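Chain by chain, the residues:
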Amino acid sequence: MDFEGSISSSGIRAHARPLQISLIFAIVLGFASMACSVILDLGGSAEVWTGEVPARLGWIATGLEVQAGDLVSITYDSGAWSPWPGGEYDALGFGGDPRCRCNVLKGVSHAALIGRIGEHEPFLVGTEFRRRVAEQGELYLGINDVDLQDNAGALRVSVEVHR
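Predicted model only: the values in this text are computed from it and were never measured. (Residues numbered from 1 in each chain as written. Predicted model: local features only at pLDDT ≥ 70, side-chain atom pairs only at ≥ 80, totals over all residues. Heavy atoms only, no water.)

Asker: Would you mind going over the overall build of the protein with me for this structure?
Answerer: Looking only at helices and strands, the protein has zero helices and twelve strands in total. N-terminal to C-terminal, the α/β element order of the protein is β-β-β-β-β-β-β-β-β-β-β-β. Expressed as a percentage of the 163 residues in the protein, the buried residues total 46%. Here the contacts in the protein between residues at least 6 apart in sequence split such that 63% fall between residues at least 24 apart. Summed over its atoms, the accessible surface of the protein is roughly 8,100 Å², and 55% of this surface lies on carbon and sulfur atoms. (Helix = DSSP H or I, 4+ residues; strand = E, 2+ residues; numbered from the N terminus. Buried < 20%, exposed > 50% of the residue type's maximum accessible area, 1.4 Å probe, protein only. Contact = heavy atoms within 4.5 Å. Areas by Shrake-Rupley, 256 points an atom, 1.4 Å probe, with all protein chains shown as cover.)

Asker: Can you walk me through the sheet that holds strand β8 (residues 113–117) in this structure?
Answerer: Hydrogen bonds between backbone groups are what pair the strands of a sheet, and the pairing can be parallel or antiparallel. Here we have four strands laid out as an open sheet, ordered β6-β11-β8-β9, and antiparallel in their pairing. The outermost strands of the open sheet, each flanked by one partner alone, are β6 (60–66) and β9 (123–124). Taken together, the two bridges between β8 and β9 define a ladder with antiparallel strand orientation. Among the inter-strand pairings, Gly 115 is bridged to a residue of β9, identified as Phe 123. (Pairing = 2+ DSSP bridges.)

Asker: Explain the pattern of salt bridges to me, please; I cannot follow it from the model alone.
Answerer: Think of it this way: side chains of opposite charge can pair up when their charged atoms draw near. Under the counting rule described, the total for this entry stands at four salt bridges. Linking Asp 70 and Arg 163 is a salt bridge whose minimum nitrogen-to-oxygen distance equals 3.1 Å. With a gap of 93 residues between them, Asp 70 in the loop between β6 and β7 (71–82) and Arg 163 in the segment after β12 (152–162) connect regions that are remote in the sequence. Judged by its relative accessible area of 4%, Asp 70 falls in the buried class. Assessed through its relative accessible area of 38%, Arg 163 is described here as partly exposed. (Salt bridge = Lys/Arg side-chain N within 4 Å of Asp/Glu carboxyl O.)

Asker: Honestly, the nonpolar core in this entry has me stumped. Any pointers?
Answerer: Across soluble globular proteins, you tend to see nonpolar side chains buried next to one another. Membership of the largest hydrophobic core comes to 25 residues, with the highest contact counts inside it found for Ile 74, Leu 113, Leu 141, Val 157 and Val 159. At the level of elements, β5 (46–54), β6, β7, β8, β11 (137–143) and β12 are the ones that each hand at least two residues to this core. At four residues, β12 tops the list of elements feeding residues into this core. Sequence-distant contacts of Val 157, defined by excluding residues within four places in its chain, comprise Trp 49, Thr 50, Gly 51, Val 53, Ile 74, Thr 75, Asp 77, Leu 113 and Leu 141. (Core = buried A, V, L, I, M, F, W, Y, C linked by side-chain atoms within 4.5 Å.)

Asker: Please clarify how the environment of Arg 163 should be interpreted in this entry.
Answerer: Here the alpha-carbon distance between Arg 163 and Val 72, two residues 91 residues apart in the chain, equals 9.0 Å. A distance of 2.5 Å separates a polar atom in the side chain of Arg 163 from the backbone oxygen of Glu 65. (Polar contact = N/O pair within 3.5 Å; in protein donor to acceptor, adjacent residues only side chain to side chain.)

Asker: Whenever I open this one, the pairing of β8 confuses me. Can you help?
Answerer: A regular strand carries its side chains on alternate faces of the sheet. Among the five residues of β8, five are classified as buried, and the element is accordingly described as predominantly covered. Here β8 shows two buried faces, one formed by Leu 113, Gly 115 and Ile 117 and the other by Ile 114 and Arg 116. Here five bridges tie β8 to β11, and the two strands are oriented antiparallel to one another. Residue pairing across strands places Leu 113 opposite Ile 143, the latter belonging to β11.

Asker: Even after reading the chapter, I still don't get the state of the cysteines, so can you show me in this structure?
Answerer: Covalent bonding between the sulfur atoms of two cysteines is what defines a disulfide. One pass over the structure, following the stated rule, counts one disulfide. Through a disulfide, Cys 100 is tied to Cys 102; the S-S separation comes to 2.1 Å. When the S-S torsion is 125 degrees, as for the bridge of Cys 100 with Cys 102, the disulfide is right-handed. (Disulfide = S-S within 2.5 Å.)

Read these as layout, nothing more, since geometry by itself doesn't imply function.
Structural data, given as structure tokens:
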């Protein structure tokens, strides 16, 4: 197997070479969790990131550089978070008033999982996002909430970028 990879406190990042299967097992210290990614890429190359997106930290950098035309797949794997004490929501968020001043991305469920490429406009990820993108820059993930100080929890998310 031929792969390049790195592990950081925010997640696992790997680059798989074309026409190969890469299998990565890692224990992320501090979270005592196990992450596993399997990639079968039959053309081009793929980059993978698996990690936690905490509700209290705003935008989380994945370390993945996205190019215009890349196929980006983002999947909510597990976990729960809340935009206030006592709540527990998945990547679809709370719902509520999508026009609330408390949302980063207006018109979208409060506390939903959202993404951003570089300094471009944010977009809804929810439980699954898969499309070719027109933007270029680093991929960021976060919660649709501007008041982060009272947030709790984290979501486990997997990302694949195919060129």
